[in-house]
Amino acid sequence: MRTRFNRTLDIRRTILIADDEMINRQILIHKLGRFYDTIEAATGRETLEKIREHRADLSLIMLDLNMPDGTGYDVLREMQEDEEIKRIPVIVLTSEAQAEIESLQLGAVDFLEKGKDMPEVVVARVKRSIELAEDTMIIRSTEDDELTGLYNRKYFFEYAKLLRRSDPEQEMDAIAMNVERFHIVNEIYGRQFGDTVLIKLADIARKILNISGGLAARSEADTFFIYCRHLEDHELLQEIIREGLQGMEHAAKVRVRVGVYPKAPPEISLEDQFDRALSACHSIRNDLTRQIACYDEALHEEQMFEERLVGDFEQAVSEDQISVYFQPQFLIPQESQPILASAEALVRWDHPELGQLRPNRFVPTFERNGLISRLDHQVWRKAAQHMRAWKERYGMTYPISINISRIDLFDDELEDTLSGLIEEFGLDPSEYRLEITESAYAEDSRQLAEKIQRLKDRGFTIEMDDFGSGYSSLNALTELPLDVLKMDIKFARQLTGDQNSHKMISIIMEIAEWLSASTIAEGIETEEQLNVFRSLGCDLAQGYYFSKPLTAEEFEALFCRYLPKEGKAC
Amino acid sequence: MLTIDQLREMGVQPEDGLKRCMDDENFYLTLVKMVPGDAGFQNLEMALGEQNLDAAFEAAHALKGVLGNLSLTPLYEPVQEITELLRNRTEMDYTPLLETILEQRKILEGLCG
């Protein structure tokens, strides 16, 4: 059984034979009619009419140059201007050398000398021309990204290499462009809108090419690559993007980010150039003040640093370089002094060469590459170990909050893992609190709500971290079974004498009350800040005003000061 | 009825023409019979009569294609000659050449019956 389609045998193709001399047409029809269906035309005008009429199924045109009412040249010229018929291959019938050159320049693929070429030659050349044209079409159709009509990634790199080779002296930029949180744009406004955004981005890429030449591709999802002559004026780039999105529905919700690797050195592979442009693009994630970032030495070093951290991670785990610090949390009742109530477990990495690293140096990297999950497991276990030790020594432990990363929430075994830890270390789930960052809730709130409900069913307390940083909708909040809202650090930082900043906090207090959730203020550094939160009814607070993050031993010492007198001696 | 032998007697070397017709004699002879009626002869005669060398060239060139395709040597040769002269728009008396062409055409017409 044949498993491959035989292009030559399986389709009977149609050829248009255009010659004003009936005898010439008849000779060709006689030759080709056994293999092909034929259509005839005797004048230039008739030829064009027939081409347009049969454009969908015409495989080849055999064209005489000297015809009345429009010559073969006229036909070729008209065809060049009409995208729909331009693709149809033309073999020119001639006996003039000069005519051959001109015909080829006008797009003819081959020529046959009238009265000279033998039937076998004619048939073979016709067949070959059709095959070549079809191959080209098939290749073209795989070159393009279907939605935007730009090149796809693979062909983009092939053509970009050719372009670079054709003019190695030209200074080129590698530009990467994407949309901040595109998956959320898709989710909120629908896939159709998402597609509209992508088409607009493709148009923006084309406008950039109009100015600086080059090539553009949709590399994947919402990421576009542009390889063009060096562009000095980034304001112009911003203007093109702004104009490109103007008038589009929800335009204000679509944030386009651009990463540029300017004058990318030719000794660096194009793939690496675009990786770097993309990392510049990612470097302004969540940074609303910048739309365009350039790849430079600082970014390169940062990237090298990140790579080093990733490389060192295994060793960090095996050599126990990961430790847990505790950020104490205090109850802040209006009528009395703050009282130690709980703590948040924070990760530290005691790197043998780089010294102690705080989470902001490595957590974002590990979040991107998925290592965060293993890091989290380490922290969860270590926190549980300390809690167990305190329980043994003092008969109690303060509740500790541990961080659950977004990726952990997609782990089917999360509930079992956490319950297993509780059981292994003899803890109560009410002592082991789970902090989930607000941005995680924006992904798929229903799936997440179910997950959180399952964790709650196991007895865990759920805290929403960074609340008010901008991602959760009130609608999503009602679906989530939350126990605690932990206010984003910006509320403390932005606190001024201004009543408006107080008002925002009051609103959050009301939301918390409505959800029957308690509240924690983060980043409290001064007494004034504390007083504001306290007066507005916030339940708990943490920050340098109370204490910096403490080692387990330091926290234990603090812990002892708050123990009831009848508790075990420290 | 026109035959290949008659054409040979007239000076035609039909081998290539026949090959172009896939050695299909009937088809070849059918096409040959259409030649005397080809508008090209009339167009050429008229254009030369009007001293319109551009139109004469086009007509001669078209005829040359047909005659070459069928390898009608005695007609092809003078037509080729006149085509080259007309290509350069040579100012000359084309009457003798035209007469040769028309004479050969007449012979062929006679054979075709």
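Here goes a summary of the coordinates provided. Since the structure is predicted, the reported quantities are computational estimates derived from the model, not experimental observations.

## Re the overall build of chain B
Thought 1: For chain B, the helix and strand inventory stands at seven helices and zero strands.
Thought 2: Beginning at the N terminus, the succession of helices and strands in chain B can be written as α-α-α-α-α-α-α.
Thought 3: Expressed as a percentage of its 113 residues, the buried residues of chain B come to 50%.
Thought 4: Put simply, 59% of the contacts in chain B that link residues at least 6 apart link residues at least 24 apart.

## Observations concerning the packing of aromatic side chains
All names here are of chain A.
Thought 1: Applying the stated criterion across every chain, the model contains 27 aromatic pairs over all chains.
Thought 2: Aromatic side chains Phe156 and Phe274 sit 5.2 Å apart centroid to centroid with 80° between the ring planes, which places their arrangement in the edge-to-face category. Residue Phe156 is found in helix H8 (residues 153–166), and its partner Phe274 is found in helix H12 (residues 270–282); the two are separated by 118 residues along the sequence. By the burial criterion, Phe156 is buried, and Phe274 matches it.
Thought 3: On the numbers, 6.1 Å between centres and 65° between planes, the contact of Phe157 with Phe225 is edge-to-face. On the criterion of sequence distance, the pair formed by Phe157 in helix H8 and Phe225 in strand S9 (residues 223–229) is long-range, its members being 68 residues apart.
Thought 4: Linked through ring pairs, Phe326, Trp390, Tyr394, Tyr398, Phe555 and Phe559 together constitute an aromatic cluster.

## Some remarks on the environment of Gly65 of chain B
All names here are of chain B.
Thought 1: With respect to the element layout, Gly65 can be found in helix H5 (residues 53–70).
Thought 2: The class of Gly65 is buried, set by a relative accessible area of 8%.
Thought 3: It is 9.2 Å that separates the C-alpha atoms of Gly65 and Gln80, two residues lying 15 residues apart in sequence.

## Regarding the pattern of salt bridges
Thought 1: Tallied over the full model, the rule gives 39 salt bridges over all chains.
Thought 2: Between Arg257 of chain A and Glu180 of chain A there is a salt bridge whose closest N-O contact spans 2.8 Å. Of this pair, Arg257 of chain A sits in strand S10 (residues 256–261) while Glu180 of chain A sits in the loop between strand S7 (172–179) and helix H9 (182–189), placing them 77 residues apart in sequence.
Thought 3: With a shortest N-O distance of 2.5 Å, Asp54 of chain B and Arg89 of chain B are connected by a salt bridge.

Definitions and limits used
Residues numbered from 1 in each chain as written. Chains lettered and ligands numbered in written order. Predicted model: local features only at pLDDT ≥ 70, side-chain atom pairs only at ≥ 80, totals over all residues. Heavy atoms only, no water. Helix = DSSP H or I, 4+ residues; strand = E, 2+ residues; numbered from the N terminus. Buried < 20%, exposed > 50% of the residue type's maximum accessible area, 1.4 Å probe, protein only. Contact = heavy atoms within 4.5 Å. Phe/Tyr/Trp six-rings, centres within 6.5 Å; stacked < 30°, edge-to-face > 60°. Salt bridge = Lys/Arg side-chain N within 4 Å of Asp/Glu carboxyl O.

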